[in-house]
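What follows is the residue order along each chain.
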Amino acid sequence: MKNRLIITSLCVIFVTSFTNTKAQQMLKKSPIPVAKIIPKSLEKHNETRIDNYFWLNDRENPEVIDYLNKENKYYDAMTAHTKDFQKELFEEMKGRIKEDDQSVPYLYNGYYYITRFEKGQDYPIYSRKKGSLSANEEILFNCNDLAKGHSYFQLGGLSVSPDNKFASFGIDIVGRRIYTIQIKNLETGEILSDKIENATGNSVWANDNKTIFYTRQDKVTLRSDKVFKHKLATDAADDVLVFNEKDDTFNVSVSKEKSRKYIVIGSGSTLTTEYRILNSDTPDGEFVVFQPRVRGLEYSISHFGDSFYILTNKDKATNFKLMKTPENATAKENWKDIIAHRKDVLLEDIEIFRNYLVVEERSNGLNHIRIMPWSGAGEYYLPFGSETYNAYTTTNVDFDTDILRYSYQSLATPSSVIDFNMKTKEKEIKKEQEVIGGKFDKNNYIEERVWATATDGTKVPISLVYRKGLKKDGNNPLLLYAYGSYGVTMDTYFSSTRLSILDRGFVFAIAHIRGGEDLGRQWYEDGKLLKKKNTFTDFIDCSKFLIQEKYTSPKHLYAEGGSAGGLLMGAVVNMAPELYNGVIAQVPFVDVITTMLDDTIPLTTGEYDEWGNPNVKKYYDYMLSYSPYDNVKAQKYPNMFVSTGLHDSQVQYWEPAKWVAKLRTKKINDTVLYLNTNMDAGHGGASGRFEAIKELAKEYSFLLDLEEIKN
């Protein structure tokens, strides 16, 4: 779900010998968990649904915790024979990571800022150096020290005051994305007494160096709905409410323009945005509405000089266009076109410099970086040769420079951070991701982009990577990944951990299905609301294409998706289970109707423009027709590994728990079905970088065990 996703980033027949022998042997080790049945009638639109596992939605109920623990014990017992292999995979994947690594420094307000890791440590260290990279390092936060004693730890929203003396920051020690904001004196190292509870973690400083603006969440729904103003060294109870978003389909945010002149409150839903601005020099002034919300009007703003530049879908600009308006006349009737709308080019983002406008565009499913001098002479695109690459601008905080910093990677090419001189067109690779161990050579891998034909004739791109020498004979194991919601583009990306399955003969593929924005805004519109099933049928058709082209076969095809991508997994195993040998569903959103009818669940009401409002019967009927939990039936299902987090704020743990409980009573074959609940984590899984790899080792061992591949 839009705020439920992660962009985590990272399927129906068992091999006969496994099903008949190995599974039966393992079943003797541990009884299959059985969730008790307590029928509950759920009525809507004069229809009644019976939910036998509704009772699992109470995390304070000891019986619920007991059931989740039994599922974990069952998983542990059934996979005991893979534990050594999981450790081997973990060490192998960890061994490719440069442990004593650091980010490329960037200069901001007189300081170079660096994020680094030390060998053997799970969490980052945030530091800075004044004026020069040869200056003494100042440690801002050592998260390894702060995380001690916590099973989960996340530091977010780090923001330094304009005079460089203070830093506000948020800490989450549960995993539900509920932060406590505090302030550190960077000169003395003292943590001030200021403590702001129940916040999103993000905060921004006004130019007076003593005022911060931050957002808070509704305690029940966790919707970000209020913006407060806090004065340094005062009690948070006295903080001033400066904006309250009362429309429960909208979420609010607060930020500061790159020019540093304006504090901006953003309020947005799936289809509509609205901004309020305040001069950063006058934090006690009143925010002014930039352009009042109009349903269906989306826009974002960037300040430069005496104007604002606006990325918007105004005037039916489906793929967005760029407009400009004076900073003292911001209503939409004053907006003027700078880059017109184009039917075949999606305008994704802009980056403003004193002498250049940089535009990020997408066409034919590939992203492009366009350099446009303000002088109007000699615009050009950065050249990229591959069809499976991903390039995007990164940290560009300085107006007064000709240097554009961007990142480039592909499925077989490690990520690079590049400084590009827009005037001379010279580039300097500041850092290329190191793959430790000496065994990796990107020339050993093949990258492809192929196109499957969907049921309705639409061409759907698929990106693939595999080792050279692979024979397309249908015998290759293939992992097909997709997301397909919220207009999130699933760009190709390099993963050193993925090498552990590629080097064991797997093909890895990404299906760029409708519901994302991979081929433009219409690609998204054609995969949501009453067209949502296109997302599922696209994935199924991509699967059939890969089988038809002999990349794999149903005995060796696996599928993976998380969050809204977990919904995708739930839908396809109901619709076409015979295509997959195994499925990985991470924190899956599978109980669509019940969740979307419960406006007390975090983020639900803000999702109506994505899925539809089931209080309206036509949406209720359509959602009910694909909701994975409601459509589980007596049929054969693939082998399945389902993961969740007890404290997940985005997709509540009970959705996958209920789904697995129902699958156990309905499926008519003896394929394995695992529910693994992290009792300490939330939507993003474990917080440490190496703990996260342990979770990945579980997933990979699940796949490789089905293929009976050990080395």
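Residues numbered from 1 in each chain as written. Predicted model: local features only at pLDDT ≥ 70, side-chain atom pairs only at ≥ 80, totals over all residues. Heavy atoms only, no water.

Q: Give me helix H13 (residues 689–706): which residues, what numbers.
A: With 18 residues, H13 ought to run about 26 Å at 1.5 Å a step, and its terminal C-alpha atoms sit 26 Å apart, in line with that. Of all 18 residues making up H13, 13 are buried, and the element is well covered by its neighbours. Directly beyond the C-terminal end of H13, a positive phi value near 55 degrees is found at Glu708. (Helix = DSSP H or I, 4+ residues; strand = E, 2+ residues; numbered from the N terminus. Expected span 1.5 Å × (residues − 1). Buried < 20%, exposed > 50% of the residue type's maximum accessible area, 1.4 Å probe, protein only.)

Q: Any chance you could break down the side chain of Glu257 for me, citing the residues and the numbers?
A: Looking at where Glu257 falls in the secondary structure, it is placed in the loop between strand E14 (251–256) and strand E15 (262–268). There is no salt bridge for the buried Glu257, and the closest opposite charge comes from Lys258, which lies 9.7 Å off by N-O distance. Apart from residues lying up to four places away in sequence, Glu257 is in contact with Tyr262, Val264, Ile301, Ser302 and His303. (Lys, Arg positive; Asp, Glu negative; His and termini not counted. Salt bridge = Lys/Arg side-chain N within 4 Å of Asp/Glu carboxyl O. Contact = heavy atoms within 4.5 Å.)

Q: Go over the packing of aromatic side chains with me, naming the residues and quoting the values.
A: A full pass over the atoms with the stated rule returns 35 aromatic pairs. For the pair Tyr123 and Phe153, a centre-to-centre distance of 5.8 Å together with 90 degrees between the ring planes defines the contact as edge-to-face. With Tyr123 in the loop between strand E4 (111–116) and strand E5 (125–130) and Phe153 in the loop between helix H4 (143–146) and strand E7 (154–160), the pair connects residues that are 30 residues apart, well separated along the chain. Assessed through its relative accessible area of 12%, Tyr123 is described here as buried. A ring pair is formed by Tyr275 and Tyr299, whose centres lie 5.2 Å apart and whose planes are at 65 degrees; its orientation type is edge-to-face. Residue Tyr275 is located in strand E16 (residues 273–279), and its partner Tyr299 is located in strand E18 (residues 299–304); the two are separated by 24 residues in the primary sequence. Each member of the pair, Tyr275 as well as Tyr299, carries the same accessibility label: buried. Grouped by ring-pair contacts, the aromatic residues Tyr262, Tyr275, Phe290, Tyr299, Phe308 and Trp335 constitute a single cluster. (Phe/Tyr/Trp six-rings, centres within 6.5 Å; stacked < 30°, edge-to-face > 60°.)

Q: Give a description of the sheet that holds strand E20 (residues 321–326) that names residues and reports values.
A: Reading across the sheet, the 4 strands line up as E18-E19-E20-E21 and stay open at both edges, with antiparallel pairing between neighbours. Every other strand in the sheet has two partners, leaving E18 and strand E21 (336–339) as the edge strands with one partner each. Taking the axes of each pair of neighbouring strands and ignoring which way they run, one obtains an average angle of 30 degrees across the sheet. In the sheet, E20 pairs with E21 via 3 bridges, with the strands oriented antiparallel. Among the inter-strand pairings, Leu322 is bridged to a residue of E21, identified as Ile339. (Pairing = 2+ DSSP bridges. Axes fitted to C-alpha atoms, helices over the stretch in contact; angles between N-to-C directions.)

Q: Tell me about the nonpolar core, and please be specific about residues and values.
A: Among the nonpolar cores identified, the biggest contains 114 residues, and Ile462, Leu480, Phe539 and Trp659 are the most heavily contacted of them. Looking at this core element by element, the count peaks at 9 residues for H13. Setting aside residues no more than four positions away along its own chain, Leu480 makes contact with Ile462, Ala509, Ile510, Ala511, Phe539, Cys542, Ser543, Leu546, Leu557, Tyr558, Ala559 and Glu560. Of all hydrophobic cores here, the second largest spans 17 residues; its members include Ile371, Leu382, Tyr406 and Tyr408. (Core = buried A, V, L, I, M, F, W, Y, C linked by side-chain atoms within 4.5 Å.)

Q: Explain helix H8 (residues 564–575) to me, and be specific about the residues and the numbers.
A: For H8, spanning 12 residues, the distance from its first C-alpha to its last is 17 Å, which sits close to the expected 16 Å at 1.5 Å a residue. In terms of residue burial, H8 counts as a mostly covered element, since 11 of its 12 residues are buried. For H8, the set of buried residues is Ala564, Gly565, Gly566, Leu567, Leu568, Met569, Gly570, Ala571, Val572, Val573 and Asn574.

Q: Requested: an account of the side chain of Glu327, with residues and values cited.
A: As for its placement among the helices and strands, Glu327 is situated in the loop between E20 and E21. You can call Glu327 buried: its relative accessible area is 18%. Within the local environment of Glu327, its side chain forms a polar contact with the side chain of Lys261, the two groups lying 3.1 Å apart. A distance of 2.8 Å separates a polar atom in the side chain of Glu327 from a polar atom in the side chain of Tyr262. Setting aside anything within four residues of it in sequence, one finds Glu327 in contact with Lys261, Tyr262, His303, Gly305, Asp306, Ser307 and Phe308. (Polar contact = N/O pair within 3.5 Å; in protein donor to acceptor, adjacent residues only side chain to side chain.)

Q: Talk me through the pattern of salt bridges; I want residue IDs and the actual numbers.
A: Any two side chains of opposite charge can pair, given that their charged atoms come close. Going through the model one piece at a time under the given rule, you end up with 50 salt bridges. Between Lys531 and Asp526 there is a salt bridge, and its shortest N-O distance comes to 3.2 Å. Residue Lys531 is classed as partly exposed on the basis of its relative accessible area of 42%. Taking the relative accessible area as the measure of exposure, Asp526 reaches 18% and is therefore buried. For Asp621, the salt bridge goes to Lys617, with nearest N and O atoms at 2.7 Å. Residue Asp621 and its partner Lys617 are located together in helix H11 (residues 617–626), separated by 4 residues, close to a single helical turn. Sharing partners across several salt bridges, the network here consists of Glu298, Glu517, Arg521, Glu525 and Lys528.

Q: Residue-level account of unusual backbone geometry, with values.
A: A positive phi angle is found at Asn164, which is not glycine, with a value near 70 degrees. Tracing the sequence through the fold places Asn164 in the loop between E7 and strand E8 (166–172). One non-glycine residue, Ser563, adopts positive backbone phi at about 60 degrees. When its relative accessible area of 0% is taken as the criterion, Ser563 is described as buried.

Q: Go over the packing of helix H7 (residues 533–548) against H8 with me, naming the residues and quoting the values.
A: The N-to-C vectors of H7 and H8 enclose an angle of 65 degrees; their axes lie 9 Å apart at closest approach. When the axes of H7 and H8 are compared, the pair comes out roughly perpendicular. Remark: the crossing between H7 and H8 carries right-handed chirality. For the pair formed by H7 and H8, the contact residues are Thr535, Phe536, Thr537, Phe539 and Ile540 on the first element and Leu567, Leu568, Met569, Ala571, Val572 and Met575 on the second. Partitioning the contact of H7 with H8 into residue classes produces 9 nonpolar, 2 polar and no charged. (Parallel < 35°, antiparallel > 145°, perpendicular 65-115°, else oblique. Left-handed = near helix turned anticlockwise from the far one by under 90°. Nonpolar A, V, L, I, M, F, W, Y, C, P; charged D, E, K, R; others polar.)

Q: Describe the packing of helix H3 (residues 83–94) against H13, listing the residues and the values that go with them.
A: Across the interface, H3 lies against H13 with an axial gap of 8 Å and an inter-helix angle of 125 degrees. Between H3 and H13, the crossing angle belongs to the class labelled oblique. Along this stretch, H3 crosses H13, giving a crossing that reads as right-handed. Every residue of H13 that contacts H3 at Phe85, Gln86, Leu89, Phe90, Met93 and Lys94 is listed here: Phe690, Ile693, Lys694, Leu696, Ala697, Lys698, Tyr700, Ser701 and Leu704. Across the contact of H3 with H13, the residue classes break down as 10 nonpolar, 2 polar and 3 charged.

Q: Help me get a handle on the sheet that holds E14, residues and values and all.
A: Read across the sheet, 4 strands follow the order E14-E15-E16-E17 without closing on themselves; strand pairing throughout is antiparallel. Pairing within the sheet leaves two strands with one partner each, and these edge strands are E14 and strand E17 (288–289). Note that E15 and E16 share 7 bridges and pair antiparallel. Paired with Ile263 across the strands is Leu278, a residue of E16.

Q: So what about the environment of Ile139? Which residues, and what values?
A: Residue position: Ile139 is located in strand E6 (residues 137–142). Each residue touching Ile139, except ones within four places of it in the same chain, is listed here: Arg116, Ile125, Tyr126, Ser127 and Lys184.

Q: Hey, could you go over the pairing of E7 for me, with residue numbers and the actual values?
A: Direction of pairing for E7 relative to E8: antiparallel, over a ladder of 5 bridges. What sits directly across from Val160, in E8, is Ala167. The loop that links E7 with its antiparallel partner E8 comprises 5 residues; one of these, Asn164, has a positive phi angle of about 70 degrees.

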